[in-house]
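The primary structure of each chain is shown beneath.
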Amino acid sequence: MRSHPTTAELQIDLSALQNNWRRFGTLAPGCTVASMVKADAYGLGADQVAPALAGAGCREFFVAEPGEGVALRSLLPDVDIHVLSGVSAGTEATFDSHRLIPVLISLEQVERWSLHARRSGRPRAATLHFDTGMNRTGLDARESATILADPSILEGIELVTVMSHLACADEPDHDFNIRQRERFVRIRERLPAGRASLVNSPGVGLGASYHFDHVRPGIGLYGVDPTPDSRLRVSPVITLTAPVMQVRTAATGDTVGYGASRRFTSERQLATLPLGYADGYHRAASDVGYVAFSGHRAPIVGRVSMDLLTVDITDLPADVRVEPGTTAELIGATVTINEVAAAAATIPYEVLTNLGQRYARIYTH
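The rules we used
- Residues numbered from 1 in each chain as written.
- Predicted model: local features only at pLDDT ≥ 70, side-chain atom pairs only at ≥ 80, totals over all residues.
- Heavy atoms only, no water.
- Core = buried A, V, L, I, M, F, W, Y, C linked by side-chain atoms within 4.5 Å.
- Buried < 20%, exposed > 50% of the residue type's maximum accessible area, 1.4 Å probe, protein only.
- Helix = DSSP H or I, 4+ residues; strand = E, 2+ residues; numbered from the N terminus.
- Contact = heavy atoms within 4.5 Å.
- Polar contact = N/O pair within 3.5 Å; in protein donor to acceptor, adjacent residues only side chain to side chain.
- Salt bridge = Lys/Arg side-chain N within 4 Å of Asp/Glu carboxyl O.
- pLDDT = per-residue confidence, 0-100.
- Pairing = 2+ DSSP bridges.

1. A short note on the nonpolar core
Working step 1: Counting 107 residues, the largest nonpolar core has Leu 44, Phe 61, Tyr 222, Ile 238, Phe 293 and Leu 352 as the members making the most contacts within it.
Working step 2: No other element matches helix 3 (residues 46-56), which puts seven residues into this core.
Working step 3: When sequence neighbours within four positions are dropped, the list of residues in contact with Tyr 222 reads Leu 17, Met 36, Val 37, Ala 41, Tyr 42, Leu 44, Val 49, Val 237 and Leu 352.
Working step 4: Of all hydrophobic cores here, the second largest spans five residues; its members include Ala 250, Phe 264, Leu 270 and Val 301.

Structure (structure tokens):
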């Protein structure tokens with residue numbers, strides 16, 4: 001048995017990220033292409049990702065809550081920043097001082113922002129989010145009807161964008177997409193102010209009739225194509241690698257890992273890698289996931305633990321030498337993020353946003 005000091009590396013290709021943003025401009029010509037950078041840019045580091053997107057020409061960003069907006073404003077003084085959770089009581093000064101644009105999601109928020117604008121004596125920018133069937137956030141049917149019947153409720157609000165969000169955009173043939181679009185069109189006809197925005201990354205793949213004036217890609221920017229036929233044609237952005245920590249031989253009848261979940265029926269060669277569920281690599285991938293060495297797959301055996309996972313390297317080609325320090329690919333050209341997600345019975349969004357902070361993060365251009 002041999003040992004070797006190790007550090008897993010998360011490589012993030014900012015040039016590919018920028019090209020993906022430009023790709024959405026090609027897919028939705030004539031539209032404003034905003035960037036979703038919530039959740040620390042889907043786990044990849046907003047402090048690096050957002051300036052790279054701005055460098056490619058993006059002037060409009062969406063975050064989840066005001067704290068994310070404040071942090072982003074310190075990086076990008078001259079872009080528009082929309083806050084998806086809207087404006088809650090007592091946060092008006094934060095929105096003003098950091099020039100954040102609330103996405104108003106309830107009649108209460110609309111009234112609060114209108115009152116704030118009127119008291120201050122000048123218009124306040126906002127986006128209105130109308131729920132068209134997702135039943136998550138946004139103005140519900142009753143609130144929508146109230147505003148559409150009496151637009152004076154919006155007094156003092158400078159309406160930047162009218163938006164909604166599709167529930168089934170990653171299923172192009174789902175009839176709920178059509179129903180939501182029709183509801184959105186009816187709202188748009190009665191409230192023509194501002195730009196119209198309906199789609200995220202997979203929604204862009206539904207075609208021009210869904211694009212309106214403005215699109216809001218998220219996961220696609222980060223190199224993940226959520227459409228079933230990969231119609232977005234985005235480029236991979238991340239590569240996750242780790243050097244082998246130890247190599248050992250397991251005898252016939254031996255087990256590996258917690259719970260002795262895998263028992264070997266023949267002698268096997270095993271390699272241990274220095275990452276686990278504390279690094280965001282899902283425990284659900286135990287005994288079903290793969291890593292790769294020099295383009296060849298090796299199965300994960302036993303349970304993924306907090307800091308370690310073990311792979312069976314026995315059946316690798318003879319010319320693929322694995323020893324302490326040899327690099328294993330966990331996400332990349334051979335083992336894609338979609339495959340990692342499928343092995344863990346989850347989605348690429350969760351894989352990305354769970355990536356931990358213990359990796360050595362390497363940003364390339």
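2. Remarks on unusual backbone geometry
Working step 1: In this model, Phe 212 sits at a positive phi of 55°, which is unusual for a non-glycine residue.
Working step 2: Within the element layout of this structure, Phe 212 appears in the loop between helix 9 (201-204) and strand 11 (214-215).

3. As for the side chain of His 82
Working step 1: The residue His 82 is located in strand 6 (residues 80-83) in this model.
Working step 2: Looking at His 82, the relative accessible area reads 0%, which means it is buried.
Working step 3: At a separation of 3.3 Å, a polar atom in the side chain of His 82 contacts the side chain of Thr 127.
Working step 4: Not counting the four nearest positions on each side in its chain, His 82 is found in contact with Glu 60, Phe 61, Phe 62, Val 63, Ile 101, Val 103, Thr 127, Val 160, Thr 161 and Arg 195.

4. Description of the pattern of salt bridges
Working step 1: For the coordinates displayed, the defined rule picks out 13 salt bridges.
Working step 2: Taking the shortest distance from any N to any O, the salt bridge between Asp 175 and Arg 179 comes out at 3.5 Å. You can see Asp 175 and its partner Arg 179 sitting in helix 8 (residues 175-190), four residues apart, about one turn around the helix.
Working step 3: Classification of Asp 175 as partly exposed rests on a relative accessible area of 44%.
Working step 4: For Arg 179, a relative accessible area of 37% gives the class partly exposed.

5. Regarding the environment of Phe 264
Working step 1: As for its position among the elements, Phe 264 is in the loop between strand 15 (262-263) and strand 16 (268-273).
Working step 2: A relative accessible area of 5% means that Phe 264 is categorised as buried.
Working step 3: Beyond its immediate sequence surroundings of up to four residues, Phe 264 is in contact with Ala 250, Ala 251, Thr 252, Gly 253, Asp 254, Thr 255, Val 256, Leu 270, Val 301 and Asp 312.

6. Considerations on the confidence of the model for the protein chain
Working step 1: For the protein chain, per-residue confidence averages 96 on the pLDDT scale, and 98% of positions sit at 70 or higher.
Working step 2: Scored below 50 in pLDDT, residues 1-5 makes 15 contacts in the model with residues more than four places away or belonging to other chains.

7. Regarding the pairing of strand 2 (residues 9-13)
Working step 1: In strand 2, alternate side chains face the same way, and those of Leu 10 and Ile 12 are buried while those of Glu 9, Gln 11 and Asp 13 on the opposite face are not.
Working step 2: Inspection of the sheet shows strand 2 paired to strand 12 (residues 238-243) by four bridges, in the antiparallel sense. Of the residues in strand 12, the one forming a bridge with Gln 11 is Thr 239.
Working step 3: By the bridge criterion, five bridges tie strand 2 to strand 21 (residues 360-364) in an arrangement that is parallel. Each residue of the ladder has a partner; that of Ile 12, found in strand 21, is Tyr 363.

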